[in-house]
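Structural overview for review
Chain residues, written in single-letter form:
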2 protein chains.
Amino acid sequence: MKKKTTIYDIAKEVGLTAATVSRALNNNPKISEKTRKLVQETAQKMNYEQNTLAKALKSGKSYNVGVIVPRMDSNFFASVIRGIEEELYPKGYHVIVCQTHDQENLETGNINSLLNAQVDGILMSISNAKSKSNVFHNIAQKKVPLIFFDRKKEIPGVSSVTIDDFNGAYQATKHLIEQGCKRIAHLSNNRSLEIFKNRYLGYKQAIIDHGLEFDEDLVIETFSKVSEGRKTVKKLLKMKNPPDAIFSSSDFSALGAIQEIKDQGLSIPEDISVVGFSNEPFTKFMELSITSVDQSPIEMGRIAAKVFLKEVDSKTLNKESEKIVLQPELIIRDSSLKVKSEASA
Amino acid sequence: MKKKTTIYDIAKEVGLTAATVSRALNNNPKISEKTRKLVQETAQKMNYEQNTLAKALKSGKSYNVGVIVPRMDSNFFASVIRGIEEELYPKGYHVIVCQTHDQENLETGNINSLLNAQVDGILMSISNAKSKSNVFHNIAQKKVPLIFFDRKKEIPGVSSVTIDDFNGAYQATKHLIEQGCKRIAHLSNNRSLEIFKNRYLGYKQAIIDHGLEFDEDLVIETFSKVSEGRKTVKKLLKMKNPPDAIFSSSDFSALGAIQEIKDQGLSIPEDISVVGFSNEPFTKFMELSITSVDQSPIEMGRIAAKVFLKEVDSKTLNKESEKIVLQPELIIRDSSLKVKSEASA
């Protein structure tokens, strides 16, 4: 069997001291990016297997970072995770993920599991439930950096990366009004979560600012599921004065809405226009593509990871937290484009 | 503040001794399923917070199970994970997930990360690369149960849960032949992986069994991506004698194929029929729904989890491994249905 590669072999290969190679492999900040890259790539080529446990013991770190999301199979969260990985892998970290299915007991369990697994930090989007703050204080007590993304809770000292949901919803609703829609319904969701509250408020503000009548009956709280979107729209279409547009806080319920509208023999966007939220890939793939609000999830993940990297090596208490807010982008597609402007002609 | 719930409070509530409650909470096999359920549900109702670290130290277990998948954002893998969770959560386990992006170095890193995180077992689908066996032997050495699902490697003593890919591909190809297709192309993928090799072999066997000419030029190795499906079909349509059907080893490349075929002004299924593999949700959502092979992923996850539960409490060496093979189901939809049989009329 071939002899195992040691740091001395790597040092010889790259012409550096073993101490420098060791520092480079351990992502010591004193080592330049260029040297770190050279050493790590050479180590990989030479099939060097670092004893991660030994590394962890030496540094007091596990080089594991925990990520908690409501669900992994939404493109939005999967893309945030990809952004986190893209930022952390080159620094020697591994990313382990748990999902809460929007259940608070799973969320608590996941946090404890990750803490027991000795992660160096937790990046998370909170569950739909009104999560108790003491779980998060547990994390702070262990001096493990906690960073919220997308769905956050206001906790002193905890950083967050979110998007401007109010503005995303405002733009989406304004666009529907510009297309001539007058009775715009809103498929909302649990508004104890800031993101859904802000989408609702942005929608409402756009209605008011453009002189339309705000009708609370057109706002229905539902879940981010195809079947729920369908069910909700069935109800809306039974109204004496049904809506001529739907702004959904989720692409999944928007898709359900579209299926139901078509089944009832109505045309999209002529009879009813539909706009979703999150820019899930299927919104683009559909024959009738769906207008949606893009939240630049990869960017969000990358930034959350950068905040973690800054915090993990400076565990001072009462540190200043960062609140980063990204701007969303409305992507206009078939499901709402009635008026073709000169620009798009 | 309210007093914290103890096991004595739970014991009083359910009328059992504290020792029995403790055993039930720790999933001691001597406790009946009924009692375990009663105690755990009562504990949850009473907001009992078990000190998982203390539990772990007592039992020598972490109650964390690691799952490794190529990607989490495919519905197939996300559903397998859901099946695993559904089976393991009621037994007190938490599931933590890593993705490999089909890269061998990430796969190795993920395995080490999970082992350092002290997981009680690893359930995984191997990466596209020809993963080295020694990584898996590492796991075996630590006596941590390893179970493969979907994409496996033949390793003595390691159990696996897979589907009969050969049969799935055979049924899909046979269906296309019954629809009158004569030149069926196959979008294959890395055939060093058994699943893709078996899909190729099933396709080939169906062609031969039905007296059609097998043409190797109609088999193209590509990736499971929309853009790759598009690119590959562009090439196929330039052939002097282009195909009249496409059987893709992936729904994602099938979708790309459909987009390209439409862009060239051809009709589906009349000019070219298309069948995918995996039954991703979008195949059903499309206006032109896509025929695909369902792999019952939730069932696969549940069974893999059951195999883990059996193995985790009986860490004997040279144990007999289980090789469980599930049968896939062809779901016929618009993209391939030319001949409406009486049954479907």
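Naming follows an unreviewed UniProt entry, where chain A appears as LacI family DNA-binding transcriptional regulator of Winogradskyella poriferorum.

All right, on to the packing of helix α1 (residues 7-14) of chain A against helix α2 (residues 18-25) of chain A then. Residues and elements named next belong to chain A. Taken N-terminus to C-terminus, the directions of α1 and α2 make an angle of 105 degrees; their axes are 8 Å apart at the nearest point. Relative to α2, the element α1 lies roughly perpendicular. Contacts between α1 and α2 involve Ile7, Tyr8, Ile10, Ala11 and Val14 from the former and Ala18, Val21, Ser22 and Leu25 from the latter. For the contact of α1 with α2, the class distribution of residues is eight nonpolar, one polar and no charged.

Here the focus is the relation of the copies chain A and chain B. Once chain A is rotated about the relating axis by 179 degrees and shifted along it by 0.1 Å, it coincides with chain B to within an RMSD of 0.3 Å. Such values leave the two copies arranged in the relation of a two-fold axis. Mapped onto chain B, 100% of the interface residues of chain A are again interface residues, and the two copies thus contact each other with one and the same surface.

A few words now on the pairing of strand β8 (residues 245-248) of chain A. Residue and element names in this part refer to chain A. Residue alternation in β8 divides its side chains into two sets, Ala245 and Phe247 and Ile246 and Ser248, and both sets are buried. Pairing analysis gives four bridges linking strand β6 (residues 184-188) to β8, with the strands arranged parallel. Paired with Ile184 across the bridge in β8 is Ala245. Across three bridges, the pairing between β8 and strand β9 (residues 273-275) is parallel.

With that out of the way, let us pick up the environment of Pro90 of chain A. Residue and element names in this part refer to chain A. Residue placement: Pro90 occurs in the loop between α5 (75-88) and β2 (94-99). Separated by 61 residues in the primary sequence, Pro90 and Pro29 place their C-alpha atoms 13 Å from one another. Beyond its immediate stretch of four places on either side in the chain, Pro90 contacts Asn27, Arg36, Gln40 and Glu85.

On to the sheet that holds strand β6 (residues 184-188) of chain B, then. Residues and elements named next belong to chain B. Read from one edge to the other, the open sheet built from four strands follows the order β7-β6-β8-β9, with strand pairing classed as parallel. This sheet does not close on itself; its edge strands, each paired only once, are β7 (219-221) and β9 (273-275). Taken over all neighbouring pairs, the strand axes of this sheet differ in orientation by 15 degrees on average, direction set aside. On the sheet, helix α8 (residues 165-178) packs against β6, β8 (245-248) and β9 and is oriented at approximately 170 degrees with respect to β8. Taken strand by strand, helix α10 (residues 226-237) contacts β6, β7 and β8, and its axis lies near 145 degrees from that of β6.

Bringing the interface of chain A and chain B into the picture now. Each side of the interface is counted separately: chain A has 40 residues, and chain B has 40 residues. The largest per-residue losses of area from chain A upon contact with chain B belong to Asn116, Phe285 and Glu287 of chain A, which jointly make up 17% of the total buried on that side. Taken together, the connections running from chain A to chain B amount to four salt bridges. Measuring nitrogen to oxygen at the nearest pair gives 3.6 Å for the salt bridge that ties Asp73 of chain A to Arg82 of chain B. Where chain A touches chain B, the interface holds twelve residue pairs in polar contact (both at pLDDT 80 or more). Those elements that place two or more of their residues in the side of chain A that touches chain B are α4 (52-59), α5, β2, α6 (104-116) and α11 (251-263) of chain A.

Residue and element names in this part refer to chain A. Ile7, Ile10, Ala11 and Val14 are the residues of α1 that are buried. Viewed end-on, α1 has its buried residues packed into an arc of 105 degrees, placing them on one side of the element. Exposed residues lying more than 90 degrees from the buried face of α1 are Tyr8, Lys12 and Glu13. Buried residues in α1 make contact with α2 and α3 (33-45). One or two steps after α1, the chain reaches Gly15, where phi turns positive at roughly 75 degrees.

Another aspect to go through is the packing of helix α1 (residues 7-14) of chain B against helix α3 (residues 33-45) of chain B. Residues and elements named next belong to chain B. At a closest axis distance of 10 Å, the pairing of α1 and α3 adopts a crossing angle of 120 degrees. Taken together, the axes of α1 and α3 are oblique relative to one another. For the pair α1 and α3, the sense of crossing is right-handed. Along the contact surface, α1 presents Ile10, Glu13 and Val14, while α3 presents Leu38, Val39, Thr42 and Ala43.

Residues and elements named next belong to chain A. Taking strand neighbours across the sheet as the criterion, the four strands line up as β7-β6-β8-β9 in an open arrangement whose pairing is parallel. One side of each edge strand has no neighbouring strand; the edge strands of this open sheet are β7 (219-221) and β9. Across the sheet, the mean angle separating the axes of adjacent strands is 15 degrees when strand polarity is ignored. Sitting on the sheet, helix α8 (residues 165-178) is in contact with β6, β8 and β9, with an inclination near 170 degrees to β8. Lying over the sheet, helix α9 (residues 194-209) contacts β6, β7 and β8, oriented at roughly 170 degrees with respect to β6.

All names here are of chain A. Counted by the stated rule, this structure contains 22 aromatic pairs over all chains. Where Phe136 meets Phe148, the ring centres are 5.4 Å apart and the plane angle is 85 degrees; that geometry is what we call edge-to-face. Note that Phe136 is positioned in helix α7 (residues 133-141) and Phe148 in strand β4 (residues 146-149), a separation of twelve residues in sequence. The burial state of Phe136 is the same as that of Phe148; both residues are buried.

Taken as a whole, this structure holds 37 salt bridges over all chains when the rule is applied. Note that Arg36 of chain A is salt-bridged to Glu33 of chain A, the shortest N-O span being 2.7 Å. One end of the pair, Arg36 of chain A, and the other, Glu33 of chain A, are both in helix α3, three residues apart, so they sit about a helical turn from each other. Arg36 of chain A gets classed as buried once you look at its relative accessible area, which sits at 8%. Between Glu287 of chain A and Lys262 of chain B there is a salt bridge; the shortest N-O distance is 2.8 Å. With Glu287 of chain A in the loop between α12 (281-285) and β10 (292-294) and Lys262 of chain B in helix α11 (residues 251-263), this pair bridges two chains. Salt bridges linked by common partners bring Lys152, Glu154, Glu194 and Lys323 of chain A together as one network.

The rules we used
Residues numbered from 1 in each chain as written. Chains lettered and ligands numbered in written order. Predicted model: local features only at pLDDT ≥ 70, side-chain atom pairs only at ≥ 80, totals over all residues. Heavy atoms only, no water. Axes fitted to C-alpha atoms, helices over the stretch in contact; angles between N-to-C directions. Helix = DSSP H or I, 4+ residues; strand = E, 2+ residues; numbered from the N terminus. Parallel < 35°, antiparallel > 145°, perpendicular 65-115°, else oblique. Contact = heavy atoms within 4.5 Å. Nonpolar A, V, L, I, M, F, W, Y, C, P; charged D, E, K, R; others polar. Least-squares fit on C-alpha atoms with pLDDT ≥ 70 in both. Buried < 20%, exposed > 50% of the residue type's maximum accessible area, 1.4 Å probe, protein only. Pairing = 2+ DSSP bridges. Buried area = accessible area lost by both parts, 1.4 Å probe. Salt bridge = Lys/Arg side-chain N within 4 Å of Asp/Glu carboxyl O. Polar contact = N/O pair within 3.5 Å; in protein donor to acceptor, adjacent residues only side chain to side chain. Arc of directions from axis to C-beta. Left-handed = near helix turned anticlockwise from the far one by under 90°. Phe/Tyr/Trp six-rings, centres within 6.5 Å; stacked < 30°, edge-to-face > 60°.

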